[in-house]
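Each chain, written out:
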Amino acid sequence: MIYLFLGVGFLYTLSLVILSIGFRKLPVFTEKLLPEKTRFSIVIPFRNEAENLQGLLESLQKIKYPSHLFEVIFVDDASEDNSVKIIKQILEQNTGLEHFQIIKNERHSASPKKDAITAAITISKYEWILTTDADCTLPAAWLKAYDSFIQTNRTTLVAGPIVYKASTSIVEQFQKFDGLSLQLVTMGSFGLQNPILCNGANLAYRKEAFYSVQGFSENNHIASGDDIFILEKILKIAPKEVHFLKSKEAIVKTLPQRSGTDLINQRIRWTSKTAKQKSFFSKLLGMLVLLINFLILVGLIYCITKPYFLPYYLVFLIGKVLLDFYVITICNAFYRSKINLGTFLLSACIYPIATVIIVLGSLIGTYSWKGRKFEKQP
């Protein structure tokens, strides 16, 4: 048992150290003073987002970029609340938003979001697709940052940073810490030139590349993964043209799930696509995260029957908590959000239990999301 804990702990530590090195290697992008040139079609699928759309719409109106160089396409995925009405009211009450429009989703697969994005791309006017979510707020210099990066780099896909806008509740703080760790993995893998993650709340790619890889075909039977699968496909055709825009001007803020149930369902949705990913390192890292959290739970029980193991278990547990805190601190140096040590430690206690529940849920494959029930797909 001791050797098992040592082996898993070593591999977990090695993986995070390597990713931390990659994070530091990824340079912070400084915007260049260039005339705006890139044309964007911003795609925003939504379903039952009445509570969140106001913040998104306000941030969209504050974007500092020539209106003739971008359009905004909202895709209504059969909303049952006032989402559509809210958007229409904003568009009617404000002049100069002629480049905003709402369309209805066209369902063709088991993935409503992929269908929504495809529907928007089909009618989009511009060469760059930029996706975000309805529960996000966007920085004013968002498009300018992307434009500057695209003009100064050879690019086909550009991923951007996100951060949770969390309250003090433990559920939301948990997501904040989890989000920071995922961002370190994302940026670290890009820094190592082996991207394994990105987030559709802040993701841009060339429309022609989307069609070149046949969009979401072969993956649209999986409800989630609109971001990861496009990343993997474009990596195959243009591995040197996939980048991460590490810029504070491009940070998108997203809202966390408010309840533990919604959080678990969201994470099951995310985790359900892991087995379908092509990246070996991504699968290995996922297995390590599951295994180390599983060992924390098993080790606690083992200590009850084998008291001699308690000192080894405490070293293992404290070492993991310190390593996770170190990783989150490194990533947070970029985002500069406040970290409360107490809520971090509480989140660290919850994390092993949540991880095992989420993985078991993803194996079962049934979960609810946005008022719909999804079943496991082969």
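The structure we're discussing is the one just above.
Thresholds applied
Residues numbered from 1 in each chain as written. Predicted model: local features only at pLDDT ≥ 70, side-chain atom pairs only at ≥ 80, totals over all residues. Heavy atoms only, no water. Pairing = 2+ DSSP bridges. Helix = DSSP H or I, 4+ residues; strand = E, 2+ residues; numbered from the N terminus. Axes fitted to C-alpha atoms, helices over the stretch in contact; angles between N-to-C directions. Contact = heavy atoms within 4.5 Å. 1 Å grid on protein atoms, 1.4 Å probe; cavity = no way out; pocket = protein on both sides within 12 Å on 5 of 7 lines; lining within 4 Å. Points joined across faces, edges and corners; volume = space filled by probe spheres on them. Nonpolar A, V, L, I, M, F, W, Y, C, P; charged D, E, K, R; others polar. Parallel < 35°, antiparallel > 145°, perpendicular 65-115°, else oblique. Patch = residues over 30% accessible without salt bridge, like charges linked within 9 Å, V, L, I, M, F, W, Y side chains within 5 Å. Areas by Shrake-Rupley, 256 points an atom, 1.4 Å probe, with all protein chains shown as cover. Salt bridge = Lys/Arg side-chain N within 4 Å of Asp/Glu carboxyl O. Buried < 20%, exposed > 50% of the residue type's maximum accessible area, 1.4 Å probe, protein only. Left-handed = near helix turned anticlockwise from the far one by under 90°.

Caption draft 1: Spatial organisation of the sheet that holds strand β8 (residues 203-206). Spatial ordering of the open sheet is given by β3-β2-β1-β4-β8-β6-β9, a layout of 7 strands whose pairing is mixed. Strands at the two margins of the open sheet, each flanked by one partner only, are β3 (100-104) and β9 (242-244). Sheet twist, expressed as the average angle between the axes of neighbouring strands with direction ignored, equals 20°. The pairing of strand β6 (residues 157-159) with β9 spans 3 bridges and is parallel. Within β9, the residue paired with Leu157 across the bridge is Val242. Sheet strands in contact with helix α6 (residues 170-191) are β6 and β9, and its direction is about 135° off that of β9.

Caption draft 2: Structural context of the layout of surface pockets. Volume-wise, the second largest pocket comes out at about 380 Å³. As for the second largest pocket, its lining consists of 17 residues, of which Leu26, Phe190, Gln193, Val242 and His243 are closest to the centre. At 3 residues, β9 tops the list of elements feeding residues into the lining of the second largest pocket. Class assignment for the residues of the lining of the second largest pocket results in 11 nonpolar, 5 polar and 1 charged.

Caption draft 3: Representation of the packing of helix α1 (residues 2-25) against α6 in the model. At their nearest, the axes of α1 and α6 sit 7 Å apart, and the two run at 70° to each other. If you check the angle between α1 and α6, you find them roughly perpendicular. Between α1, through Leu19, Ser20, Gly22, Phe23 and Lys25, and α6, the contact on the second element is made entirely by Leu184, Val185, Met187, Gly188, Ser189 and Gly191. Taken together, the residues that form the contact of α1 with α6 break down as 5 nonpolar, 5 polar and 1 charged.

Caption draft 4: Representation of a nonpolar patch on the surface. Side chains of Phe10, Leu11, Leu14 and Ile18 sit close together on the surface and give an oily, nonpolar patch of about 360 Å² of accessible area. Locating Leu14 in the fold gives a position in helix α1.

Caption draft 5: Quick look at the side chain of Thr343. Summarising the element assignment, Thr343 is placed in helix α12 (residues 341-364). Classification of Thr343 by relative accessible area gives buried; the value is 17%. Filtering out sequence-adjacent residues up to four positions away, Thr343 remains in contact with Ile170, Gln173 and Phe177.

Caption draft 6: The arrangement of the sheet that holds strand β5 (residues 136-137) in detail. Pairing is mixed in the open sheet, where 3 strands are placed in the order β5-β10-β7. The open sheet has two free edges, formed respectively by β5 and β7 (162-164), since each of these has just one partner strand. Relative to strand β10 (residues 252-254), β7 is paired through 3 bridges, and the arrangement is parallel. Within β10, the residue paired with Tyr164 across the bridge is Thr254.

Caption draft 7: Examining the packing of α6 against helix α9 (residues 260-271) more closely. Two elements in contact, α6 and α9, have axes whose closest approach is 10 Å; the angle formed by their N-to-C orientations is 25°. Considering the angle they form, α6 stands roughly parallel to α9. When you trace α6 past α9, the crossing you get is left-handed. Residues Val171, Phe174, Gln175, Asp178 and Leu182 of α6 pack against Gly260, Leu263, Gln266, Arg267 and Trp270 of α9.

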